[in-house]
Amino acid sequence: MISAYPVRMSRVLVAEDDPDISEPLVRALSREGYDVTLVTTGHAALNSTLGGHTDLLVLDLGLPGMDGLDVCRSLRTRGSTVPVLVLTARSEEADLVVGLDAGADDYVPKPFRVAELLARVRAQLRRAGGPEPDVLTVGGITLDAPSRRVTVDGAEAALTPKEYELLLMLMRRAGTVVGRDELMREVWQTEWLGATKTLDMHVSTLRRKLGDEGARITTVRGVGFRLEKDD
Ligand code: CA
């Protein structure tokens, strides 16, 4: 069952010539709901990125034809600002420096855990302000981002701006824990953890306003909160 579905998802281009790496990677990214395209050569990576609507490029450094560093440099000299997440077996510091100089935004050394890579992908897309899904649904809760409207089983819930932002963060990451520190930073723009009583108060009013669906917000003691999905 799909209980949190973005209507418009970020487009991720994967440039990787090794099917043992690309196949599980494309599967995992697709499962997360990204619109994924796979290319296997440096030139294809460059042309697809320049020609298409790529929100993030996951780039292997050792590609046939034109290597990843050259792809990255060419993108930057042509004015592309697409976030580039480099996959590399060459994890030596010198290579990292060269890659970052070539315009890469982040690195994931091989071998990597898929969960780790997905976290980096999310971080890059967030930083780049990639397209947000327009409508999120979890159980009976629907959040319509363009109109900032939240409905619970079809009835509108009147949320304050902070409650709305809290819910938005929890819905975007439904099924996973969102840390208190992260919520404080994103919703209240503060690092001061002494202020988290405010967070608890907002979560409790948010729960109440969501009615029966409010029970989906689980407190993960000492860590943060999780919005439970149905599956
Ligand atoms: Ca390769």
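Further up the page is the structure itself.
Residues numbered from 1 in each chain as written. Predicted model: local features only at pLDDT ≥ 70, side-chain atom pairs only at ≥ 80, totals over all residues. Heavy atoms only, no water.

### A look at the sheet that holds strand 10 (residues 177–179)
For clarity, the threshold we go by: The pairing criterion is simple: DSSP has to find at least two bridges between the two strands. A run of H or I in DSSP becomes a helix once it reaches four residues, and a run of E becomes a strand once it reaches two; helices and strands are each numbered from the N terminus. Note on method: axes are straight lines fitted to C-alpha atoms, helices fitted across the in-contact stretch only, with angles between N-to-C directions ranging 0 to 180 degrees. We call two residues in contact whenever any of their non-hydrogen atoms come within 4.5 Å of each other.
Within the open sheet, the three strands sit side by side as 10-12-11. Their pairing is antiparallel. The open sheet has two edge strands, strand 10 and strand 11 (217–220), and neither has a second partner. Recorded for the sheet is a direction-independent mean angle of 30° between the axes of neighbouring strands. By the bridge criterion, three bridges tie strand 10 to strand 12 (residues 224–227) in an arrangement that is antiparallel. Directly across from Val178, in strand 12, lies its bridge partner Phe225. Where helix 6 (residues 161–172) meets the sheet, it contacts strand 10, strand 11 and strand 12, and its direction lies at approximately 65° from that of strand 12. Here helix 7 (residues 180–188) sits on the sheet and contacts strand 10 and strand 12; the angle it forms with strand 10, its principal contact strand, is near 65°.

### Some words on helix 3 (residues 68–77)
We count it as follows: To sort residues, take the accessible area from a 1.4 Å probe on protein chains only and compare it with the maximum for the residue type: under 20% means buried, over 50% means exposed, and anything in between is partly exposed. Here a polar contact means two N or O atoms within 3.5 Å. Within protein one must be a hydrogen donor candidate and the other an acceptor candidate, and residues neighboring in sequence count only if both atoms are side-chain atoms.
Of the positions making up helix 3, those classed as buried are Gly68, Leu69, Val71, Cys72, Ser74 and Leu75. Among the residues of helix 3, the N-terminal cap falls to Asp67, whose side-chain oxygen and the backbone nitrogen of Leu69 are separated by 3.0 Å. One or two residues past the end of helix 3 sits Gly79, with phi positive at roughly 85°.

### Quick word on a negative patch on the surface
We count it as follows: By definition, no residue in a patch forms a salt bridge, and every one has over 30% relative accessible area; like charges are joined within 9 Å, nonpolar side chains (Val, Leu, Ile, Met, Phe, Trp, Tyr) within 5 Å. For every accessible area listed, the method is Shrake-Rupley and the probe measures 1.4 Å; residues are considered covered only by the protein chains on display. The term salt bridge refers to a pairing of a side-chain nitrogen on Lys or Arg with a carboxyl oxygen on Asp or Glu at a separation within 4 Å. For the purpose of charge, His is not counted, nor are the chain termini; Lys and Arg are scored as positive and Asp and Glu as negative. Taken as the charge location is NZ of Lys, CZ of Arg, CG of Asp or CD of Glu.
A cluster of like negative charges, contributed by Asp17, Asp18, Asp20 and Glu23, occupies part of the molecular surface. By the element assignment, Asp17 lies in the loop between strand 1 (11–15) and helix 1 (19–31). For Asp17, a relative accessible area of 33% translates into the label partly exposed.

### Focus on the coordination of the calcium ion
Selection rule: Because water is not among the atoms used, a metal site may look incomplete, as its donors are only the N, O and S atoms within 2.8 Å, or 3.2 Å for Na, K and Ca.
Every protein donor of the calcium ion is accounted for by Asp17 (OD), Asp60 (OD) and Gly62 (O), and the metal-donor separations fall at 2.2 to 2.4 Å. Linear spacing of the donor residues for the calcium ion on their chain is D-x42-D-x1-G. With a gap of 45 residues between them, Asp17 in the loop between strand 1 and helix 1 and Gly62 in the loop between strand 3 (56–60) and helix 3 connect regions that are remote in the sequence. When its relative accessible area of 39% is taken as the criterion, Gly62 is described as partly exposed.

### Observations regarding the pattern of salt bridges
Counted under the stated rule, the structure contains 14 salt bridges. For Arg120, the salt bridge goes to Glu116, with nearest N and O atoms at 2.8 Å. On the criterion of helical spacing, the pair formed by Arg120 and Glu116 is a turn pair, its members being four residues apart in helix 5 (residues 114–127). The shortest N-O distance in the salt bridge between Arg226 and Glu228 comes to 2.9 Å.

### Concerning the sheet that holds strand 8 (residues 149–152)
An order of 6-7-8-9 is seen for the four strands of this open sheet, with the pairing classed as antiparallel. Edge positions in the sheet fall to strand 6 (135–138) and strand 9 (155–157), since each of these pairs with one other strand and no more. Sheet twist, expressed as the average angle between the axes of neighbouring strands with direction ignored, equals 25°. Pairing between strand 6 and strand 7 (residues 141–144): four bridges, direction antiparallel. By the bridge assignment for strand 7, Leu136 is matched with Leu143. Seen against the sheet, helix 6 touches strand 6, strand 7 and strand 8 and runs at an angle of roughly 110° to strand 7.

### Some details on the packing of helix 7 against helix 8 (residues 196–209)
Inclusion rule: When describing relative orientation, an angle under 35 degrees is termed roughly parallel and one over 145 degrees roughly antiparallel, while 65 to 115 degrees is termed roughly perpendicular and anything else oblique. The residue classification treats Ala, Val, Leu, Ile, Met, Phe, Trp, Tyr, Cys and Pro as nonpolar and Asp, Glu, Lys and Arg as charged. All others, Gly included, are polar.
Interhelical geometry of helix 7 versus helix 8 gives an angle of 85° and a closest axis separation of 10 Å. By the criterion of interaxial angle, the relationship of helix 7 to helix 8 is roughly perpendicular. Together, Arg180, Leu183, Met184 and Trp188 of helix 7 and Thr196, Thr198, Leu199, Asp200 and His202 of helix 8 make up the contact between the two elements. Of the residues belonging to the contact of helix 7 with helix 8, the class tally is four nonpolar, three polar and two charged.

### Notes on the nonpolar core
As a reminder, the rule being used: What makes a nonpolar core is a set of buried Ala, Val, Leu, Ile, Met, Phe, Trp, Tyr and Cys residues whose side-chain atoms join them at distances within 4.5 Å.
Grouped together as the largest cluster of nonpolar side chains are 28 residues, with contacts concentrated most on Val150 and Leu167. Where this core is concerned, the elements lending two or more residues are strand 6, strand 7, strand 8, helix 6, helix 7, helix 8 and strand 12. Here this core takes seven residues from helix 6, the largest share from any one element. Every residue in contact with Val150, bar those within four places of it in the chain, is listed here: Ile141, Thr142, Leu143, Ala155, Glu156, Ala157, Leu159, Tyr164, Leu167 and Leu210. With 20 residues, the next largest nonpolar core counts Ala15, Leu57, Val86 and Ala102 among its residues.

Purely geometric stuff here, so don't read any function into it on its own.
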